[in-house]
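Observations on the three-dimensional arrangement
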Amino acid sequence: MSAAAAVLLALLVLLAIFFAVQWFSTERKRNPGAFKPTALTTLTGFVTNFFDTLGIGSFAPTTAIFKLSRLVPDERIPGTLNVGHAFPTVAQALIFIVVVQVDPLTLVSMIAAAVAGAWIGAGVVAGLPRRPIQLGMGIALLVAAAFFVLRNLEYVPGGDALELRGGLLAAGIVGNFVLGALMMLGVGLYAPCMALVGLLGMNPIAAFPIMMGSCAFLMPVAGLRFVATGSYDWRAALGLAIGGVPAVLIAGLIVKELPVTMLRWLVVIVVVYTAVLMLYSAMTSRQLQPAGSSPTP
C-alpha cells in the first residue's frame, strides 16, 4: 500500500469519526426523544449496500424503495441517501483502497474533485423546494437506468491503465466534480464513474477505489450540510447505516463476487418505473415548500 493510500485511509477514519459526532450530537439536540429505525429501512440498508459493494450502486434502488413504500418524502430523499449510506460507503472505501492499487495522483485528485462538487451541490439541493427535487431525481434516475443498460450490454469501454496524466487526468477531475455534484440529487456515482473511467482508458477495476473513495469522502462532507438544515429523514438514515455496514463487510470480505447481470436488469425496470412516478409527482404537485421545512398536510 502506498503512502498516499495510507494517508487517505487515516483521513477517512478521522472524517467518519467527526461525521458521527456531529450527526448524533445535532440530532440529540433536535430530537431529544429516542428514535429507532424501522425494520424496513434497516433491511433496505442491508440489501442495497450488499449489492452496492459488488458494483450495482445503492442510490437508485434505495430511492425506488423509498418512493414506492412512501417511507420518506420525496424532497428528503437526497439528504437521507447521503447521510444514511455514508458509513457503509466508508467501509467499502477502506476495503477497496487497500485491495486495488491505483496511481496515487489519479486517486487523490479525482476524490478531491468529487468532494468539491458534492459540497457545492449539497448547498444547492438542501434549500430546493420539493418540485425541482422531484424533477431532478426523476431525470437522474433515467440517467442511472441508461448507465445500467450500457453496462449490461457491455457498451462501456475500458482499458488497462491504472493512472491518468495530462489531458486525461484533467478530464477525469472535471468529470468526477460533476458526478459529485449530481450525487446530491440522488444520482449514484458508481455507474457513471465506471463509465467515465472506461472512457478514459482505465482498467474497470480502477473504478472501485476511485468511486468508493470519492463517495466515502464526499458523503460525510455533504451529509453534514443536510444534517445542519434538517433536510433528511433521521430514522430512515439511521436504518440505512445500521443495516449497511455489516452488509458491506459480508459482500466485500466474504462473498466478493456474484453474477449480478440479471439483477441489474431488474434494477433498470424498477428505476425507470420510479423515475416515471417521480416525474409524474413533480408535474402534478403544487407543493413548493423548501426541503428543510415541514411538509404541508
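Residues numbered from 1 in each chain as written. Predicted model: local features only at pLDDT ≥ 70, side-chain atom pairs only at ≥ 80, totals over all residues. Heavy atoms only, no water.

Attention now moves to the overall build of the chain. When you go through the chain residue by residue, the secondary structure sums to twelve helices and zero strands. Along the chain, helices and strands appear, N-terminal first, in the series α-α-α-α-α-α-α-α-α-α-α-α. A total of 297 residues make up the chain; the buried ones form 54% of that total. For the chain, long-range pairs separated by at least 24 residues make up 89% of all intrachain contacts whose partners lie at least 6 apart in sequence. Carbon together with sulfur atoms contributes 72% to the accessible area of the chain, which is approximately 12400 Å² in total. (Helix = DSSP H or I, 4+ residues; strand = E, 2+ residues; numbered from the N terminus. Buried < 20%, exposed > 50% of the residue type's maximum accessible area, 1.4 Å probe, protein only. Contact = heavy atoms within 4.5 Å. Areas by Shrake-Rupley, 256 points an atom, 1.4 Å probe, with all protein chains shown as cover.)

This part is about the confidence of the model for the chain. With 81% of its residues at a pLDDT of 70 or more, the chain has an overall mean of 81. When pLDDT is averaged over each element of the chain, helix H2 (residues 39-53) comes out on top at 92 and helix H12 (residues 261-284) at the bottom at 71. Scored below 50 in pLDDT, residues 287-297 makes 30 contacts in the model with residues more than four places away or belonging to other chains. (pLDDT = per-residue confidence, 0-100.)

Moving on, we come to H2. Along its 15 residues, H2 runs 21 Å from first to last C-alpha, staying within 8% of the 21 Å computed at 1.5 Å per residue. Among all positions in H2, only Thr 41, Thr 44, Gly 45, Thr 48, Asn 49, Phe 50, Asp 52 and Thr 53 are buried. Gly 55 sits one or two residues past H2 and shows a positive phi near 105°. (Expected span 1.5 Å × (residues − 1).)

Generally speaking, soluble globular proteins have nonpolar side chains that are buried together. Grouped together as the largest cluster of nonpolar side chains are 67 residues, with contacts concentrated most on Trp 23, Met 211 and Leu 218. Here the element with the most residues in this core is helix H10 (residues 207-229); it accounts for 14 residues. Among residues more than four places away in sequence, those in contact with Leu 218 are Asn 82, Ala 114, Val 115, Ala 118, Gly 180, Met 183, Met 184, Leu 189 and Gly 223. (Core = buried A, V, L, I, M, F, W, Y, C linked by side-chain atoms within 4.5 Å.)

Moving on, we come to unusual backbone geometry. The phi dihedral of Arg 70 is positive, around 60°, even though this residue is not glycine. In this fold, Arg 70 is placed in the loop between helix H3 (59-69) and helix H4 (77-84).

This brings us to the pattern of salt bridges. One pass over the full model with this rule turns up three salt bridges. A salt bridge links Lys 67 to Asp 74; the shortest N-O distance between them is 2.7 Å. Summarising the burial analysis for this pair, Lys 67 and Asp 74 share the class buried. Note that Asp 103 is salt-bridged to Arg 165, the shortest N-O span being 2.8 Å. One end of the pair, Asp 103, is in the loop between helix H5 (86-99) and helix H6 (104-125); the other, Arg 165, is in the loop between helix H7 (130-152) and helix H8 (166-182), with 62 residues separating them in the sequence. Classification of Asp 103 by relative accessible area gives buried; the value is 13%. A relative accessible area of 41% places Arg 165 in the partly exposed class. (Salt bridge = Lys/Arg side-chain N within 4 Å of Asp/Glu carboxyl O.)

Inspection of the entire model under this criterion finds eight aromatic pairs. Geometrically, the ring pair formed by Phe 50 and Phe 51 is edge-to-face, given 5.1 Å between the ring centres and 85° between the ring planes. A residue is classified by how much of its surface remains accessible, and Phe 50, at 12% relative accessible area, is buried. The rings of Phe 19, Trp 23, Phe 24, Phe 87 and Trp 234 are connected pair by pair, giving a single aromatic cluster. (Phe/Tyr/Trp six-rings, centres within 6.5 Å; stacked < 30°, edge-to-face > 60°.)

Quick look at the side chain of Ser 231 now. Take Ser 231: it is sitting in the loop between H10 and helix H11 (234-255). For Ser 231, a relative accessible area of 1% corresponds to the buried category. Within the structure, the side chain of Ser 231 is placed 2.7 Å from the side chain of Thr 229, a separation counted as a polar contact. (Polar contact = N/O pair within 3.5 Å; in protein donor to acceptor, adjacent residues only side chain to side chain.)

Let us look at a nonpolar patch on the surface. Nonpolar side chains collect at one region of the surface, where Val 7, Leu 11, Val 13, Leu 14, Ile 17, Val 21 and Leu 94 lie side by side and expose about 600 Å² of accessible area between them. A per-element tally of the nonpolar patch places helix H1 (residues 3-30) first, with six residues. Mapped onto the secondary structure, Ile 17 falls in helix H1. Take Ile 17: its relative accessible area is 49%, and that puts it in the partly exposed class. (Patch = residues over 30% accessible without salt bridge, like charges linked within 9 Å, V, L, I, M, F, W, Y side chains within 5 Å.)

One can describe the packing of helix H9 (residues 190-199) onto H10 by two numbers: an axis separation of 9 Å at closest approach and a directional angle of 135°. Judged by the inter-axis angle, H9 sits oblique to H10. With respect to the hand of their crossing, H9 and H10 are arranged in right-handed fashion. Of the residues in H10, those in contact with Tyr 190, Cys 193, Met 194 and Val 197 of H9 are Ala 207, Phe 208, Ile 210, Met 211, Met 212 and Cys 215. (Axes fitted to C-alpha atoms, helices over the stretch in contact; angles between N-to-C directions. Parallel < 35°, antiparallel > 145°, perpendicular 65-115°, else oblique. Left-handed = near helix turned anticlockwise from the far one by under 90°.)

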